[in-house]
Amino acid sequence: MEEVSGEKEAKIEPVIRKITDFPNFLEEGLVVSADSDTESNDLLEKAWMLLYDRGLFNLEDDETEPFYVATSGRYKGRLIIPFKDPEGALFFFQARALGDEQPKYLNPLDSPVKPSHILYPFDEAAASVVVCEGPLDARSLQLQGINATCTLGSSISDTQISALSRFHGKVIVGYDNDSAGDRGLRKFESLRLEKRMTKLHVCPPPRGYKDWNSAHAQGYDLKDWLKTETCRYDFNYKLSTLL
């Protein structure tokens, strides 16, 4: 892995941190740098603006879960979204495009875990958890004081639902307001029945918004929405969605 000269902190906080915060499964060629060259500074500014426009900074307290930006290698020009365990060790990440590049998200090539085997870190002792699709949605909810995780897409895996079956609180499915989210909810329910989990609750993002981050970025009170709109995923709910 290429060294970062001086391992200096980024000038634009909290977009990046020291390269030493990353484990060895990041392949050679990824550079997270605070160097002063024009291209790196442009990437830092783009990453900062994406995070700021989407309301993903914690503006009240010092940032404890920083983002990173890649300035070269496979993830060049992408925001690095970290997944950390309770001790603060990074065990996974997603690399999100800062522009219109496809695919929008890349996962680490050499990660010891598969995306379908993990959940975005959340409080496993809480009374409830909202399960959404992506890490930026989960972070949006967490910034509003809501316990949340994500399944890295709308198709929950057997491993992920097995982990959630051990959660003793209320599981609230909050997939996106689109057809993929609807399909994901139905699969979630099917696997829940196989695992004999407690009945699901459901609360999609606020009407008029595709996902939680879109609503959060506009200042929507997500805690109030969840309080008033969460309900059992049962026959009555399914019938109401058909009307």
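Before any of the text, the structure's been laid out above.
What counts as what
- Residues numbered from 1 in each chain as written.
- Predicted model: local features only at pLDDT ≥ 70, side-chain atom pairs only at ≥ 80, totals over all residues.
- Heavy atoms only, no water.
- Helix = DSSP H or I, 4+ residues; strand = E, 2+ residues; numbered from the N terminus.
- Contact = heavy atoms within 4.5 Å.
- Areas by Shrake-Rupley, 256 points an atom, 1.4 Å probe, with all protein chains shown as cover.
- Phe/Tyr/Trp six-rings, centres within 6.5 Å; stacked < 30°, edge-to-face > 60°.
- Pairing = 2+ DSSP bridges.
- Core = buried A, V, L, I, M, F, W, Y, C linked by side-chain atoms within 4.5 Å.
- Buried < 20%, exposed > 50% of the residue type's maximum accessible area, 1.4 Å probe, protein only.

With that settled, consider the overall build of the protein chain. Within the protein chain, the secondary structure is distributed over seven helices and nine strands. Taking contacts inside the protein chain between residues at least 6 apart in sequence as the whole, the part at least 24 apart equals 62%. When the accessible surface of the protein chain is summed, it comes to about 12600 Å², and 47% of that surface belongs to carbon and sulfur atoms.

This brings us to the packing of aromatic side chains. One pass over the full model with this rule turns up ten aromatic pairs. When the ring of Tyr-220 is compared with that of Trp-225, the centres are 6.1 Å apart and the planes differ by 85 degrees; the resulting orientation is edge-to-face. Linked through ring pairs, Phe-83, Phe-91, Phe-92 and Tyr-120 together constitute an aromatic cluster.

A word on the sheet that holds strand E2 (residues 78-84). If you trace the four strands from one edge of the open sheet to the other, you get E1-E2-E3-E4, paired in antiparallel fashion. Strand pairing shows two members of the sheet lacking a second neighbour, strand E1 (68-70) and strand E4 (105-106), which therefore form its edges.

Before going further, it helps to spend a moment on the nonpolar core. What tends to happen in soluble globular proteins is that the nonpolar side chains get buried as a cluster. Counting 19 residues, the largest nonpolar core has Ile-156, Leu-164, Val-171, Phe-188 and Leu-200 as its most contacted members. Residue assignment for this core shows that the elements contributing at least two residues are strand E5 (128-132), helix H3 (158-164), strand E7 (170-173) and helix H4 (179-195). With three residues, the single largest contributor to this core is H4. In this structure Val-171 touches Val-129, Val-131, Leu-164, Phe-188, Met-197, Leu-200 and His-201, once residues within four positions along its chain are discounted. Core analysis: the next-biggest nonpolar cluster, separate from the first, contains 18 residues, Phe-92, Ile-118, Ile-146 and Leu-222 among them.

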